[in-house]
Amino acid sequence: MNGPRRLVVLGVCSSVALYKACEVLRGFQKAGCDVQVVMTPNAAKLVSPRLFSALSGRRAAVDLFDEEEASRIGHIRLAREAELLVVAPATANIIAKFAAGLADDFLSTLHLTVTCPLLIAPAMNEAMYLHPQTQENIRRLKSRGADFVEPESGSLACGDEGWGRLASVEAIVQAGLRRIGAERRLAGKTVLVTAGPTREKLDPARFLSNPSSGRMGYALAAEALRRGARTILISGPAGLLPPPGAEIVRIESAQEMRSEVLARFGEVDAVLMAAAVSDFRFSETRREKARKEELPETVRLVRNPDILSELGRLKTRQVLVGFAAETGNVEDGARRKLREKNCDLVAANDVSQSGIGFESEDNELVLVEPEGDATRTGRASKVELSRLVIDRLEVLIGRRG
Ligand code: C5P
């Protein structure tokens, strides 16, 4: 690994498998990472934190309220510097705390402070692992973007045979390194993402819009940032917090979006048009709010410029990704859009299905490129889907050199 040493925070919980955490620590060190260990108070009752301090060369953290420890380590500074938070072994308890957002010890507090990827390697008795509450907590964390190294089946500390044995040290370290390796693959590249709906005003109190939440675009921007891209997020009114580090440009109408996108098109390597741009605007708009009686019975609409088609005509080296909300044959619709708008990738979803697409946390995409078969992602959270889209984007940008 090149460049400065990367900081991995290793969370250690009170499972008998915690002896393997020493090997996990060593694995990351061998790969050139610095490791800071954070133990839960119960783990520190099983094994002295001094063991991990000696192995890592950094004082292991346990107590958030120990003044000396807090001043030396400080969870805020640690959260800023960490490139990966890996919890191995992770108990059912820490998984539940993470899923619920509790923060009553160093590790759970750190979890709420970090913006780096999270990797969890569970280790517990089979019944606890398969309990519907644990499974629901795991699903919740996955939908927020956490990775899991699934436990293996075998003999457990309690004497039972079954699922719940900590995955191999090798599998945990490899999964962690893959996640960090993915981090910087877009370093030096500039990615522009549009997100959310547009608002086309009739007057200051009335507008034409659509139900886009902006979630897909914000997730894409967060993922591009995580992989090291300079990321510009041009957003319609979305009511979401922009990911830290994104250059945010707020717009309302399609015409404003068009001029902000065009102004930056020359400097970007890729555009992801995840915004739901209104196809029409009012032919006339008023600066003052009109009284009801002043408004005509019918209003005239005019077509908005199609920003993506315009970029398709202008593009030189830029990779263009379009999004399509389809009903009927989703793949056919996506292929047509790919051709007509001269895109390199179109991500289409079926808006006739309930529970996915507009306004929801989940989506299901069909990804099409000019060559090759379509990829169907299956239903997943928009955070998970953003990774798949950015994986493809990396390949497409890579081909341009
Ligand atoms: O043609 P359709 O609106 O279904 O295409 C959707 C794609 O085109 C999306 O990526 C959307 O952001 C983009 N679009 C655009 N300008 C418009 C309408 C849609 O860039 N006026």
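What counts, and where the lines are drawn
Residues numbered from 1 in each chain as written. Predicted model: local features only at pLDDT ≥ 70, side-chain atom pairs only at ≥ 80, totals over all residues. Heavy atoms only, no water. Helix = DSSP H or I, 4+ residues; strand = E, 2+ residues; numbered from the N terminus. Buried < 20%, exposed > 50% of the residue type's maximum accessible area, 1.4 Å probe, protein only. Contact = heavy atoms within 4.5 Å. Areas by Shrake-Rupley, 256 points an atom, 1.4 Å probe, with all protein chains shown as cover. Lys, Arg positive; Asp, Glu negative; His and termini not counted. Charge placed at Lys NZ, Arg CZ, Asp CG, Glu CD. Near = heavy atom within 4 Å. Polar contact = N/O pair within 3.5 Å; in protein donor to acceptor, adjacent residues only side chain to side chain. Domains from an automatic or database assignment. Buried area = accessible area lost by both parts, 1.4 Å probe. Salt bridge = Lys/Arg side-chain N within 4 Å of Asp/Glu carboxyl O. Patch = residues over 30% accessible without salt bridge, like charges linked within 9 Å, V, L, I, M, F, W, Y side chains within 5 Å.

**Student:** Honestly, the overall build of the protein in this entry has me stumped. Any pointers?
**Tutor:** Helices and strands together make up the secondary structure of the protein, namely 15 helices and 21 strands. The 401 residues of the protein split such that 51% are buried. Long-range contacts, defined here as pairs at least 24 residues apart, represent 66% of the contacts in the protein between residues at least 6 apart. Here the protein displays about 19,000 Å² of accessible surface, and carbon together with sulfur accounts for 48% of that area. Averaging the locations of the 56 positively and 53 negatively charged side chains of the protein gives two centres separated by 3 Å.

**Student:** Before we go on, may I ask you to explain the site of the ligand in this structure?
**Tutor:** Neighbouring the ligand are the residues Met 273, Ala 275, Val 277, Asp 279, Pro 305, Asp 306, Ile 307, Leu 308, Gly 322, Phe 323, Lys 337 and Lys 341. Backbone polar atom of Leu 308 to an oxygen atom of the ligand: 2.8 Å apart, as the coordinates give it. Note that an oxygen atom of the ligand is positioned 2.8 Å from one of the backbone N or O atoms of Phe 323. For the ligand, whose accessible area on its own is 450 Å², the fraction buried by protein is 86%. Breaking the shell around the ligand down by element, the ones donating at least two residues are helix H13 (307–314) and strand S16 (319–326).

**Student:** Hey, could you run me through the domain arrangement of the protein in this one?
**Tutor:** For interface size, the figure often reported is the accessible area lost on association. Segmenting the protein into domains produces domain 1 (6–182) and domain 2 (190–400). Listed as interface residues are ten residues of domain 1 and, on the opposing side, nine residues of domain 2. For the domain 1 and domain 2 pair, buried surface summed over both sides reaches about 620 Å², with 44% attributable to carbon and sulfur atoms. The interface formed by domain 1 and domain 2 includes one salt bridge. Arg 387 is the partner of Asp 147 in a salt bridge, and the nearest nitrogen-oxygen pair spans 3.2 Å. The tally of links between domain 1 and domain 2 comes to three residue pairs in polar contact (both at pLDDT 80 or more).

**Student:** What exactly am I supposed to notice about the environment of Ala 90 here?
**Tutor:** Position of Ala 90 relative to the elements: it lies in strand S3 (residues 84–90). Separated by 191 residues in the primary sequence, Ala 90 and Arg 281 have C-alpha atoms spaced 53 Å apart. Excluding residues within four positions of it along the chain, Ala 90 makes contact with Cys 13, Ile 95, Ile 120, Ala 121, Pro 122, Ala 123 and Met 124.

**Student:** Explain the pattern of salt bridges to me, please; I cannot follow it from the model alone.
**Tutor:** Note on pairing: side chains with opposite charge can pair once their charged atoms come close. Taken as a whole and judged by the stated rule, the model has 30 salt bridges. With its nearest N and O atoms 2.9 Å apart, the salt bridge here joins Glu 267 to Arg 230. One end of the pair, Glu 267, is in the loop between helix H12 (254–265) and strand S13 (270–273); the other, Arg 230, is in strand S11 (residues 230–235), and 37 residues separate them in sequence. The partly exposed category is assigned to Glu 267, whose relative accessible area is 37%. Taking relative accessible area as the criterion, Arg 230 reaches 33% and is therefore assigned partly exposed. The salt bridge partner of Glu 260 is Arg 264, with a shortest N-O separation of 2.7 Å.

**Student:** For this particular structure, what's the right way to read unusual backbone geometry?
**Tutor:** The bulk of non-glycine residues show a negative phi, and the bulk of peptide bonds are trans. In this structure, Pro 89 follows Ala 88 across a cis peptide bond, with omega equal to 0°. As for its placement among the helices and strands, Pro 89 is situated in strand S3.

**Student:** So what exactly am I meant to see when it comes to a nonpolar patch on the surface here?
**Tutor:** Together, Phe 280, Val 299 and Leu 301 give the surface a local cluster of nonpolar side chains, amounting to about 220 Å² of exposed area. In this fold, Phe 280 is placed in strand S14 (residues 280–282).

**Student:** What is the right way to look at the side chain of Thr 198 in this model?
**Tutor:** When you line up the elements, Thr 198 lands in the loop between strand S8 (190–195) and strand S9 (200–203). Residue class for Thr 198 comes out buried when judged on its relative accessible area of 0%. Among the polar contacts listed, one links the side chain of Thr 198 to the backbone nitrogen of Ser 278, at a separation of 3.0 Å. Among residues more than four places away in sequence, those in contact with Thr 198 are Leu 208, Ser 209, Asn 210, Ile 251, Glu 252, Ser 253, Ala 254, Met 257, Ala 276, Val 277 and Ser 278.

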